[in-house]
Amino acid sequence: MPLALLALAVGAFGIGTTEFVMMGLLPDVADDLHISIPSAGHLVSAYALGVVIGAPLLAAVTARMSRRTVLIGLMVLFVVGNALSAFAPDHHWLLAARFLSGLPHGAFFGVGAVVATAMVAPERKARSVSLMFLGLTVANIAGVPVATLMGQHLGWRATFLGVSAIGVAAIASLALLIPHDHAHASTTGLRGELAALRSLPVWLALGTTVAGFGALFAAYSYITPMLTDSAGYAETSVTLLLALFGVGATIGNLLGGRLADHAMRGTLFGGLASLVVVLGLFPLLMEARWSAALGVALLGTAAFVTGSPLQLMVMEKAAAAPSLASSANQAAFNLANAGGAWIGGFALAAGFGVTSPATAGAVLAVLGLAVAGTAYVVDRRRAVVSAGRERLVASHVPEASPAVHL
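Counting from 1, residues in each chain are numbered in the order their sequence is written. Confidence filtering applies because this is a predicted model: local features only for residues at pLDDT of at least 70, side-chain atom pairs given and counted only at 80 or more, and all residues used for totals across whole chains, interfaces and linings. By convention in this description, side-chain values take in all heavy atoms of the structure and omit both hydrogens and water.

Novice: What's the story with the overall build of the protein in this structure? I'm lost.
Specialist: Across its full length, the protein carries 15 helices and 0 strands. Remark: exposure states derive from per-residue accessible area (1.4 Å probe, protein chains only) relative to the maximum for the residue type, with buried under 20%, exposed over 50%, and partly exposed in between. Sorting the 406 residues of the protein into buried and exposed places 54% on the buried side. Within the protein, counting contacts between residues at least 6 apart in sequence, those at least 24 apart form 84% of the total. We get accessible surface area from the Shrake-Rupley algorithm with a probe of 1.4 Å; when it comes to residues, only the shown protein chains can shield them. Roughly 17,400 Å² of accessible area belongs to the protein as shown, and the carbon and sulfur atoms make up 69% of that amount. By the criteria applied, helices consist of DSSP H or I runs no shorter than four residues and strands consist of E runs no shorter than two, each listed in order from the N terminus. We call two residues in contact whenever any of their non-hydrogen atoms come within 4.5 Å of each other.

Novice: Please clarify how the pattern of salt bridges should be interpreted in this entry.
Specialist: Side-chain pairing between opposite charges can occur once the charged atoms of the two side chains come close. For salt bridges, the criterion is a side-chain nitrogen of Lys or Arg within 4 Å of an Asp or Glu carboxyl oxygen. For the coordinates displayed, the defined rule picks out 4 salt bridges. Three or more residues joined by partner-sharing salt bridges are found here, namely Arg265, Lys317 and Asp379.

Novice: How should the side chain of Arg98 be read in this particular structure?
Specialist: Secondary-structure assignment places Arg98 in helix α4 (residues 91–118). One buried charged residue, Arg98, remains without a salt bridge, the closest side chain of opposite sign being Glu19 at 7.9 Å. The residues touching Arg98, leaving out its near neighbours within four places in the chain, are Thr18, Glu19, Met22, Leu43, Ala46, Tyr47, Ser85 and Phe160. Charged residues are defined narrowly, with Lys and Arg counted positive, Asp and Glu counted negative, and His plus the chain ends left uncounted.

Novice: Can you help me understand the packing of aromatic side chains in this one?
Specialist: The description of an aromatic ring pair rests on the distance of the ring centres and on the angle between the ring planes. Centres within 6.5 Å are what make two rings of Phe, Tyr or Trp a pair, Trp counting through its six-membered ring; a difference in plane orientation under 30 degrees is then read as stacked, over 60 as edge-to-face, and the rest as tilted. The tally for this structure, following the rule as stated, stands at 10 aromatic pairs. Ring centres of Phe217 and Phe333 lie 5.4 Å apart, and the angle between their planes is 80 degrees; this geometry places the pair in the edge-to-face category. Taken together, the positions of Phe217 in helix α8 (residues 200–220) and Phe333 in helix α14 (residues 322–349) put the pair 116 residues apart, joining distant regions of the chain. As far as burial versus exposure is concerned, Phe217 and Phe333 are alike and both buried. Centre to centre, the rings of Phe269 and Tyr376 are 6.4 Å apart; their planes meet at 80 degrees, and the pair counts as edge-to-face.

Novice: Help me understand α4, please; the structure alone is not making it clear to me.
Specialist: Side chains that are three or four residues apart share a direction in an α-helix, a result of its 3.6 residues per turn. To estimate the expected span of a helix, count its residues, drop one, and scale the result by 1.5 Å. Over its 28 residues, α4 extends 42 Å from the first C-alpha to the last, a length consistent with the 40 Å expected when each residue adds 1.5 Å. Burial analysis of α4 places 21 of its 28 residues in the buried class, which makes it a mostly covered element. Its side-chain oxygen 3.1 Å from the backbone nitrogen of His92, Asp90 forms the N-cap of α4. Each polar contact in these results corresponds to two N or O atoms within 3.5 Å; when the atoms are within protein, one needs to be able to donate a hydrogen and the other to accept it, and residues that are neighboring in sequence are counted only if both atoms are side-chain atoms.

Novice: It is not clear to me how the nonpolar core should be interpreted in this structure. Could you clarify?
Specialist: Counting 58 residues, the largest nonpolar core has Leu216, Leu227, Leu275, Leu279, Phe282, Met286 and Leu299 as the members making the most contacts within it. It is α8 that contributes the most residues to this core, 10 residues altogether. Every residue in contact with Phe282, bar those within four places of it in the chain, is listed here: Ile223, Met226, Gly295, Val296, Leu299 and Ala358. If you look at the next biggest cluster of nonpolar residues, it comprises 35 residues, including Phe78, Val129, Met132 and Ile178. Residue types Ala, Val, Leu, Ile, Met, Phe, Trp, Tyr and Cys, when buried and joined through side-chain atoms within 4.5 Å, form a set referred to as a nonpolar core.

Novice: How should the side chain of Thr62 be read in this particular structure?
Specialist: Note on placement: Thr62 falls in the loop between α2 (37–61) and α3 (67–86). Judged by its relative accessible area of 17%, Thr62 falls in the buried class. In this structure the side chain of Thr62 is engaged in a polar contact, spanning 2.6 Å, whose partner is the backbone oxygen of Leu58.

Novice: What is the right way to look at unusual backbone geometry in this model?
Specialist: One can expect most non-glycine residues to show negative phi and most peptide bonds to be in trans. In the Ramachandran plot, His34 falls in the positive-phi region, its phi being about 60 degrees despite a non-glycine side chain. Structurally, His34 is set in the loop between α1 (4–33) and α2. On the basis of relative accessible area, His34 is assigned to the exposed category, the value being 73%.

Novice: Would you mind showing me how to read the packing of helix α13 (residues 307–317) against α14 here?
Specialist: Helix packing geometry: the angle between the two helix axes and the distance between the axes. Angular values range over 0 to 180 degrees, each being the angle between N-to-C directions of two axes fitted as lines to C-alpha atoms, with helices fitted over their stretch in contact. The geometry of α13 relative to α14 is characterised by a closest axis approach of 8 Å and an angle of 140 degrees between their N-to-C directions. Considering their axes alone, α13 and α14 lie oblique with respect to each other. Relative to α14, the crossing made by α13 is right-handed. Residues Leu310, Gln311, Val314 and Met315 of α13 form the contact with α14, whose own contacting residues are Pro322, Ala325, Ser326, Asn329 and Gln330. Only Asp, Glu, Lys and Arg are considered charged in this grouping, and only Ala, Val, Leu, Ile, Met, Phe, Trp, Tyr, Cys and Pro are considered nonpolar; every other residue, Gly among them, is considered polar. Taken together, the residues that form the contact of α13 with α14 break down as 5 nonpolar, 4 polar and no charged. Throughout this description, any angle smaller than 35 degrees is read as roughly parallel, any larger than 145 degrees as roughly antiparallel, any in the 65 to 115 degree range as roughly perpendicular, and the remainder as oblique. Left-handed describes a crossing in which the near helix is turned anticlockwise from the far one by less than a right angle; the clockwise case is right-handed.

Novice: Quick question: what am I supposed to make of a nonpolar patch on the surface here?
Specialist: Note on patches: the residues involved have over 30% relative accessible area and no salt bridge, like charges join within 9 Å, and the nonpolar side chains Val, Leu, Ile, Met, Phe, Trp and Tyr join within 5 Å. On the surface, a nonpolar cluster with roughly 350 Å² of combined accessible area is contributed by Leu49, Ile53, Leu57 and Val61. Relative to the elements of secondary structure, Leu49 occurs in helix α2. Since its relative accessible area comes to 46%, Leu49 is described here as partly exposed.

Novice: Looking at this structure, I do not really get the packing of α4 against α14. What am I missing?
Specialist: Across the interface, α4 lies against α14 with an axial gap of 7 Å and an inter-helix angle of 135 degrees. Relative to α14, α4 is oriented oblique. Like other packed secondary-structure pairs, α4 and α14 cross with a definite hand, here right-handed. For the pair α4 and α14, contact is made by His105, Gly106, Ala107, Phe109, Gly110, Val111, Ala113 and Val114 and by Pro322, Ser323, Ser326, Ser327, Gln330 and Asn334, respectively. Looking at side-chain class alone, the contact of α4 with α14 contains 6 nonpolar, 8 polar and no charged residues.

Novice: Got a minute to help me understand the environment of Ala338 in this structure?
Specialist: Positionally, Ala338 belongs in helix α14. The exposure class of Ala338 is partly exposed, given its relative accessible area of 47%. Taking the C-alpha atoms as reference, Ala338 lies 7.9 Å from Ala48; in sequence the two are 290 residues apart.

Below is the structure:
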């Protein structure tokens, strides 16, 4: 694997850290800015909104630019957004800075996935994507806990300065390691990129991402009350348990990348099926501490097995616009974050029990399997129609006249 993938992983590490660290800093930010916890929670939503808007928008407007230049520019915007967060004078300025920080998130992963797959042989594409995402999953093991501790001891503003420093390191890595040879920009232009997204298989792939990862976030958004109220863990133990989720996600990400290079659709179906099983068993797993810890790790593994195949599938279905489609998949991921959390919260508010968000997640995972199955049927039908057309054309090609010898 090319060393350039390390530069993409460093950028992914910084992005993953800033995305998830706000959850642990909400009380500190609320106290310092004299706002309520729910108001501080809007900072999480502002970042997610930036991702959803910025992913397709920035990928589209930079369609004709060198991808190496685009990646560096996106990371510069990331550094600016986090630096402004560190110096935000009040809640409203911090909201704007968090929105700005989220804008480059999806486009970075989208363009980065295209660059990563261009640097390797076809049989290693999924693995190259998984190595880029490795930075995101490792951020949940090391980046988020360290950044949270930094914020608790040095102030939350120090956390965002630290994340900005990671961004600067990523810029240097991208400039040093990403070769110019593998940064060829698309020549289709904005209109061609948008036209490529009209395909039904592309939308079915995006729908699988929304349903599949919505299943994850329906449960993960409420993992703390499950661990404390059902499994009996103290709140001080939750941070360590969430690191277990990061370990599971890292294993699942690497496993999914390796398996998807051999059977992309089979890996996707297997990952979604395992997610149904894990979430379905979650109420039982949360009855004891040891099984709850195992369940948290298995949840990360099952969910992130599907990450690389989904990213690669979207790119293949929109071959004329891989950067835009890949970035749109990141927007779908964040829609899954918001939608899954809402559905899990609805189940909890309805009084179905503290583990009901996991059951709701299992239903979403079944929906993801259904969408993925529909995509498979559509692809098979299109392949049959295409083969029929080729045979029809071949049958009407006149045979060459025999040569006449004088």
